[in-house]
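The lines below spell out each chain.
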Amino acid sequence: MLSQFRVARLASAEEFDRLLNEVLMNGRPVPLSARLRLSAPGSLAPSALGLALARLSELTWRPEPPAADLAEALLERQSPSGEFGSIASTASALAGLGALTAQIAALPGTKAGMEFLPPGLTQRVRASADAAANWLASRTAENQPSLFDATEDDSAERAASADRAAAAPAPIGDPIDTAILLWALSAAPAMLARVGLPAPEAVIDDLGLRHRRETSTLVEAIASTRTASATSTRRAA
């Protein structure tokens, strides 16, 4: 079991490679290709901090002391444009920030103004998550197919292209980046929609992610997470 003390110690010592390893071994297995992408230069720290924060939010019912430190460390690494280095590390950071804000929102007393983090930090975390989501959404939009490449006489084909673009979200980055984004945010479908990927299954099928060795494990993890979330929702109901 990944302990809060262990996370706090590794984060404080900036042993980010070990922190990332322990988080991934504690329930977030990824293929080597994704592990290398998450630990690329400029990506390692936000990837480790974000995924650790997401995992802690799953293991605790309210933010415990390491959560505030992890969030502060993440905010220090965000660029003015909203990203945390790469697509993979920004997705990981957003997963952690989003999980923390969702955890706080679900706690009794939140609507009464009770603070579960140091004063002002909750608002800063929300703003940071918004900026990261906006940056990822802008990158997704860059990959949307042009709807105006057809000639004036190709109105039928242009309309069909528009329909296809509306029905099938475009990927972000390359297949590994896309798979990491889907995997990191698999427990937050609203956040996936926010960044421009409201239909994960369509993206998985369009890119053949189930059949790629470098992404198939991530896709399996997505299916497991979504099944567990659906089961939890049904039980709560």
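In this text, all values refer to a predicted model and were calculated from it rather than measured experimentally. (Residues numbered from 1 in each chain as written. Predicted model: local features only at pLDDT ≥ 70, side-chain atom pairs only at ≥ 80, totals over all residues. Heavy atoms only, no water.)

**Things to note about the overall build of the chain**
Under the convention used in this document: Helix numbers and strand numbers start at the N terminus; a helix is a DSSP run of H or I with at least 4 residues, a strand a run of E with at least 2. In what follows, residue pairs with any heavy atoms lying within 4.5 Å of each other are defined as contacts. Residue burial considers only the protein chains on display, and all accessible areas are found by Shrake-Rupley using a 1.4 Å probe.
Helix and strand counts for the chain come out as 12 helices and zero strands. Going residue by residue from the N terminus, the α and β elements of the chain occur as α-α-α-α-α-α-α-α-α-α-α-α. By sequence separation, contacts in the chain at least 24 residues apart represent 71% of the contacts at least 6 residues apart. For the chain, the computed accessible surface area is about 11,700 Å², with 55% contributed by carbon and sulfur atoms.

**Observations regarding the nonpolar core**
Keep this limit in mind: Residues belong to a common nonpolar core when they are buried Ala, Val, Leu, Ile, Met, Phe, Trp, Tyr or Cys residues joined through side-chain atoms within 4.5 Å. Type-normalised accessible area, obtained with a 1.4 Å probe on protein chains alone, sets the label of each residue: buried when under 20%, exposed when over 50%, and partly exposed for intermediate values.
Of all hydrophobic cores here, the largest spans 66 residues; its most connected members are Leu 19, Leu 94 and Trp 183. At nine residues, helix α6 (residues 87-105) tops the list of elements feeding residues into this core. Among residues more than four places away in sequence, those in contact with Leu 94 are Ala 129, Ala 132, Ala 133, Leu 136, Leu 185, Met 191 and Val 195.

**Overview of the pattern of salt bridges**
Applied cut-off: By convention in these notes, a salt bridge is any Lys or Arg side-chain nitrogen within 4 Å of a carboxyl oxygen on Asp or Glu.
Summed over all chains, the structure comprises 12 salt bridges. A salt bridge links Arg 18 to Glu 15; the nearest nitrogen and oxygen atoms lie 3.0 Å apart. On the basis of relative accessibility, which here comes to 41%, the residue Arg 18 falls in the partly exposed class. Residue class for Glu 15 comes out partly exposed when judged on its relative accessible area of 23%. For the salt bridge of Arg 37 with Asp 177, the shortest nitrogen-to-oxygen distance reads 2.9 Å. On the criterion of sequence distance, the pair formed by Arg 37 in helix α3 (residues 32-38) and Asp 177 in helix α9 (residues 175-184) is long-range, its members being 140 residues apart. A relative accessible area of 23% places Arg 37 in the partly exposed class. Connected through salt bridges with shared partners, the residues Arg 9, Glu 15 and Arg 18 form a single ionic network.

**Focus: helix α2 (residues 16-25)**
Using the following cut-off: What the arc covers is the set of directions going from the helix axis to the C-beta atoms.
Those residues of α2 lying buried are Phe 16, Leu 19, Leu 20, Val 23 and Leu 24. The buried residues of α2 occupy an angular sector of 125 degrees when projected down its axis, which confines them to one face. Looking at the buried residues of α2, the elements they touch are α1 (4-12), α3, α4 (44-59) and α9. The positive-phi residue at the C-terminal boundary of α2 is Gly 27, with phi of around 135 degrees.

**Side note on unusual backbone geometry**
Unusually for a residue other than glycine, Glu 14 sits at a positive phi of about 55 degrees. Residue position: Glu 14 is located in the loop between α1 and α2. Judged by its relative accessible area of 52%, Glu 14 is exposed.

**Some details on empty space enclosed by the protein**
What counts is decided by this rule: A pocket here means an open set of points on a 1 Å grid, computed over the protein atoms alone, that has protein on both sides within 12 Å along at least five of seven lines. A cavity is instead a set of points where a 1.4 Å probe fits but cannot get out; residues with an atom within 4 Å of a point line either one. Grid points are joined across faces, edges and corners, and a volume is the space filled by probe spheres set on the points. Three classes are used: nonpolar for Ala, Val, Leu, Ile, Met, Phe, Trp, Tyr, Cys and Pro, charged for Asp, Glu, Lys and Arg, and polar for all others, with Gly counted as polar.
Following the criterion strictly, the structure yields one cavity of 30 Å³ or more and no others. Here the largest cavity is characterised by a volume of approximately 40 Å³. If you trace the largest cavity, you find it lined by Leu 53, Leu 56, Ser 57, Thr 60, Pro 63, Glu 64, Pro 66, Ala 67 and Gln 103. Elements with a contribution of two residues or more to the lining of the largest cavity: α4 and α5 (65-76). Counting residues per element, the lining of the largest cavity draws most heavily on α4, at three residues. A class-by-class count of the residues in the lining of the largest cavity yields five nonpolar, three polar and one charged.

**Section: the packing of α6 against helix α7 (residues 121-142)**
To keep it simple, the criterion reads: For helices, the fitted line uses only the C-alpha atoms of the stretch in contact; every axis is such a line through C-alpha atoms, and the angle between N-to-C directions lies from 0 to 180 degrees. Orientation is classified from the angle alone, with under 35 degrees giving roughly parallel, over 145 giving roughly antiparallel, 65 to 115 giving roughly perpendicular, and any other angle giving oblique. Crossing handedness follows the turn of the near helix against the far one: under a right angle anticlockwise gives a left-handed crossing, and clockwise gives a right-handed one.
Direction vectors running N to C along α6 and α7 enclose 140 degrees, while the axes themselves pass 9 Å from each other. It follows from the interaxial angle that α6 and α7 lie oblique. Our pair here, α6 against α7, has a crossing hand that is left-handed. Residues Ile 87, Thr 90, Ala 91, Leu 94, Leu 97, Leu 100, Thr 101 and Ile 104 of α6 form the contact with α7, whose participating residues are Thr 122, Val 125, Arg 126, Ser 128, Ala 129, Ala 132, Ala 133, Trp 135, Leu 136 and Arg 139. Residue classes in the contact of α6 with α7 are distributed as 12 nonpolar, four polar and two charged.

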